[in-house]
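Read off the chains here:
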Amino acid sequence: MSASISRRKLLGDGGQAILAASVTAYATPSFGTRQSHSAVRAVDYYQKLGVTPFINAAGTYTVLSASTMPDEVQAAIALAAKQPVNLNELLDASGEYLAKRLRCQAALVTSGAAAALVVGTAACVTHGNDSAILSIPTDMSTLKNEVLIQKTHRYGYDHALRNCGIRFVEVETLEQYEQAFNERTVMTHFFNAGEGQISREDWVRVAHQHGVPCFNDAAADVPPISNLWNYTQMGFDLVTFSGGKGLRGPQCTGLLLGKKDLIEAAKKNNSPNSNTIGRGMKVAKEEVVGLVAAVDWFLSQDDAAMEAEYRKRAERIAAQLKNIPTVKTQVFIPAVAANHVPHLLITYDQNQIKITGAEVMQKMREGKPRIELNPSTGGAPASAGLPGGPNTIVVGVWMLQSGEDVIVAKRLREVLRSAVTT
Ligand SMILES: *Cc1c(COP(=O)(O)O)cnc(C)c1O
């Protein structure tokens, strides 16, 4: 991973000045006369507000603020914040740059993958019919409004598409899919980490036989890095990724990648254009730049090196738990496309260690420092492909910062040991 100094370390004893100085060093604008050069002392607003940060042993979960940005990304954002720009120019230029780097026709920075689902669907509904931009989602009578989807791909982001006034038509088999197209079919939608009978290749082929665009939601599906172009090159007309999950850009950003005409249509439906469905999904200049910087950072990483590093972290934690009776550990990679990185699975016999996974999670949360385990711990799987169960502890190691695996390991050992029956 990057040779980053963690924010926590920077903000530790007397670290505030270091952070301010490093941001200033990066962020001196070209026309220095208008800006003050004095280092501003960064106020720790988490501390001021009484919100306690934690060690992220969970993964990229939205409610847990998903990821932290590498230093390169934070520095690019701090610099971008210093000068005004025209947002349309920035969106066009960043889109062109991203399309080149990500090997697709066109790209748009959106305010998250969920927003990409909204403006991407709006693009399909209003394509070639600009007056429809004003009509959606309430005046659909003259518009195509059916989106085909596999029944098993209905998921927690349905609402993003339904915001555009569409309705889903569910299919299960390839035959049903082939027969479901009609004059109201406006788009087909694929959940990349979902399971179902119909392959990606068949999904795209049949949609294109009917001249209908298809969208693939791959929000949580990097690494591997190549996924950033795999699905557009497979033929999906629109593909989205979260900016703030594996890419480690600003949490409020997403990538919409795909065909030029559809990306142009998505832009028309998006902020900064007023009276559009996307006007409330504004992306600020700092966030646009932050996502571009995050893509640059991510493309400079190496899949094998990332996987080896995560595996090492999981093994370091497992090693600390070895001598606790009945504890079994296993490093695993979820079998689905999402969160496809090594995690640590810990199981134990609850007759000998008298604590539930949910209680372990609570104790970790209450310790100092506060630690968040993967939300699958002690309960239902938190995302596709993860295990669950009352005596199951899942440690997501990929968002840990340097040295934190040791802290997590020691605390886990302490919590489990204290529950061993004698
Ligand atoms: C996280 C996620 C989203 C939403 O992404 P944001 O960038 O938070 O808007 C959409 N779809 C799937 C499958 C996701 O995992």
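Given the structure is predicted, the values throughout are model-derived calculations rather than measurements.

With that out of the way, let us pick up the state of the cysteines. Here a disulfide denotes one covalent bond, and it connects the sulfur atoms of two cysteines. Inspection of the entire model under this criterion finds zero disulfides. Not engaged in a disulfide, the cysteine Cys 214 finds its nearest cysteine sulfur in Cys 124; these two sulfurs lie 9.0 Å apart. Overall, the relative accessible area of 1% leaves Cys 214 in the buried class.

Quick look at the site of the ligand now. Taken together, the neighbourhood of the ligand is formed by Gly 112, Ala 113, Ala 114, Tyr 155, Tyr 157, Phe 191, Asp 217, Ala 219, Ala 220, Ser 242, Lys 245 and Thr 253. Measuring from an oxygen atom of the ligand, one finds a backbone N or O atom of Ala 114 at 2.9 Å. Here a nitrogen atom of the ligand and a side-chain polar atom of Asp 217 are 2.7 Å apart. Here the ligand has 380 Å² of accessible area as a free molecule, and 87% of this is covered by the chains. Split by residue class, the shell around the ligand holds seven nonpolar, three polar and two charged.

Before going further, it helps to examine the packing of helix α6 (residues 113-126) against helix α12 (residues 260-268). Viewed as axis vectors pointing N to C, α6 and α12 meet at an angle of 110°, and their least axial separation amounts to 8 Å. Looking at the two axes, α6 sits roughly perpendicular to α12. Residues Val 119, Ala 123 and Cys 124 of α6 form the contact with α12, whose participating residues are Leu 262, Ala 265 and Ala 266. For the contact of α6 with α12, the residue count by class is six nonpolar, no polar and no charged.

To find the voids left in a structure, one rolls a probe of water-molecule size over its atoms. Reported here for the second largest pocket is a volume of approximately 370 Å³. Around the second largest pocket sit 18 residues that line it, and Tyr 157, Ala 220, Lys 245, Asn 339 and Ser 383 are the ones nearest its centre. For the lining of the second largest pocket, the class distribution of residues is eleven nonpolar, four polar and three charged. Viewed by domain, the lining of the second largest pocket spans two of them, domain 1 (84-299) and domain 2 (303-418), each represented by three or more residues.

Here strand β10 (residues 343-347) lies mainly inside the structure; four of its five residues are buried. Pairing geometry for strand β9 (residues 328-332) and β10, over five bridges, is antiparallel. Note that in β10 the partner of Thr 329 across the bridge is Ile 346. Looking at chain direction, β10 and strand β12 (residues 392-396) are connected through five bridges and run antiparallel.

Enumeration according to the criterion identifies one cavity of 30 Å³ or more in this entry. Approximately 50 Å³ is the volume found for the largest cavity. Lining the largest cavity we find ten residues, and of these Gly 246, Arg 248, Trp 297, Met 306 and Tyr 310 sit closest to its centre. Those elements that provide at least two residues to the lining of the largest cavity are α13 (285-299) and α14 (303-320). Taken together, the residues that form the lining of the largest cavity break down as eight nonpolar, one polar and one charged.

Take the domain arrangement of the protein chain next. Note: interface size is frequently given as the accessible area lost on complex formation between the parts. When cut into domains, the protein chain gives domain 1 (84-299) and domain 2 (303-418). Using only C-alpha atoms to locate each centre, domain 1 and domain 2 end up separated by 34 Å. Taken together, the contacts link 14 residues of domain 1 with eleven residues of domain 2. If you sort the residues of domain 1 by the area they bury against domain 2, Ala 193, Ala 220 and Pro 223 come out on top, with a joint share of 44%. Between domain 1 and domain 2 we count zero salt bridges in total. In this structure, the connection of domain 1 to domain 2 is made through three residue pairs in polar contact (both at pLDDT 80 or more). Grouping the constituent residues of the side of domain 1 that touches domain 2 by class yields seven nonpolar, two polar and five charged.

This paragraph deals with α6. Look at α6: 20 Å from first C-alpha to last across 14 residues, which is about the 20 Å you get at 1.5 Å a residue. Gly 128, located one to two residues past α6, shows a positive phi value of around 75°.

In total, this model carries 18 salt bridges according to the counting rule given. Between Arg 184 and Glu 146 there is a salt bridge, with the nearest N and O atoms lying 3.0 Å from each other. Residue Arg 184 is found in the loop between α9 (174-179) and β5 (185-191), and its partner Glu 146 is found in strand β3 (residues 146-150); the two are separated by 38 residues along the sequence. According to the relative accessible area criterion, Arg 184 is partly exposed, its value standing at 37%. Exposure remark for Glu 146: the relative accessible area of 2% places this residue in the buried category.

Attention now goes to a nonpolar patch on the surface. On the surface, a nonpolar cluster with roughly 510 Å² of combined accessible area is contributed by Val 43, Tyr 45, Tyr 46, Leu 49 and Val 51. With respect to the helices, strands and loops of the structure, Tyr 46 is situated in helix α3 (residues 45-49). Tyr 46 gets classed as partly exposed once you look at its relative accessible area, which sits at 43%.

With that settled, consider the packing of aromatic side chains. In this structure the tally under the stated criterion is seven aromatic pairs. The interplanar angle of 0° and the centroid separation of 3.8 Å between the aromatic rings of Tyr 177 and Trp 203 together place this pair among those described as stacked. Of this pair, Tyr 177 sits in helix α9 while Trp 203 sits in helix α10 (residues 200-209), and the two are 26 residues apart along the sequence. In terms of burial, Tyr 177 and Trp 203 fall into one category: buried.

A word on unusual backbone geometry. For the bond running from Pro 223 to Pro 224, omega is 5°, close enough to zero to count as cis. One can find Pro 224 in the loop between β6 (214-217) and α11 (227-234). For the bond from Lys 368 to Pro 369, the omega torsion is 0°, close enough to zero to count as cis. Positioned with a positive phi, Arg 248 is a non-glycine residue whose angle comes to about 60°. Here Arg 248 lies in the loop between β7 (238-242) and β8 (254-258). Taking the relative accessible area as the measure of exposure, Arg 248 reaches 12% and is therefore buried.

Quick notes on the rules
Residues numbered from 1 in each chain as written. Predicted model: local features only at pLDDT ≥ 70, side-chain atom pairs only at ≥ 80, totals over all residues. Heavy atoms only, no water. Disulfide = S-S within 2.5 Å. Buried < 20%, exposed > 50% of the residue type's maximum accessible area, 1.4 Å probe, protein only. Near = heavy atom within 4 Å. Polar contact = N/O pair within 3.5 Å; in protein donor to acceptor, adjacent residues only side chain to side chain. Areas by Shrake-Rupley, 256 points an atom, 1.4 Å probe, with all protein chains shown as cover. Nonpolar A, V, L, I, M, F, W, Y, C, P; charged D, E, K, R; others polar. Axes fitted to C-alpha atoms, helices over the stretch in contact; angles between N-to-C directions. Helix = DSSP H or I, 4+ residues; strand = E, 2+ residues; numbered from the N terminus. Parallel < 35°, antiparallel > 145°, perpendicular 65-115°, else oblique. Contact = heavy atoms within 4.5 Å. 1 Å grid on protein atoms, 1.4 Å probe; cavity = no way out; pocket = protein on both sides within 12 Å on 5 of 7 lines; lining within 4 Å. Points joined across faces, edges and corners; volume = space filled by probe spheres on them. Domains from an automatic or database assignment. Pairing = 2+ DSSP bridges. Buried area = accessible area lost by both parts, 1.4 Å probe. Salt bridge = Lys/Arg side-chain N within 4 Å of Asp/Glu carboxyl O. Expected span 1.5 Å × (residues − 1). Patch = residues over 30% accessible without salt bridge, like charges linked within 9 Å, V, L, I, M, F, W, Y side chains within 5 Å. Phe/Tyr/Trp six-rings, centres within 6.5 Å; stacked < 30°, edge-to-face > 60°.

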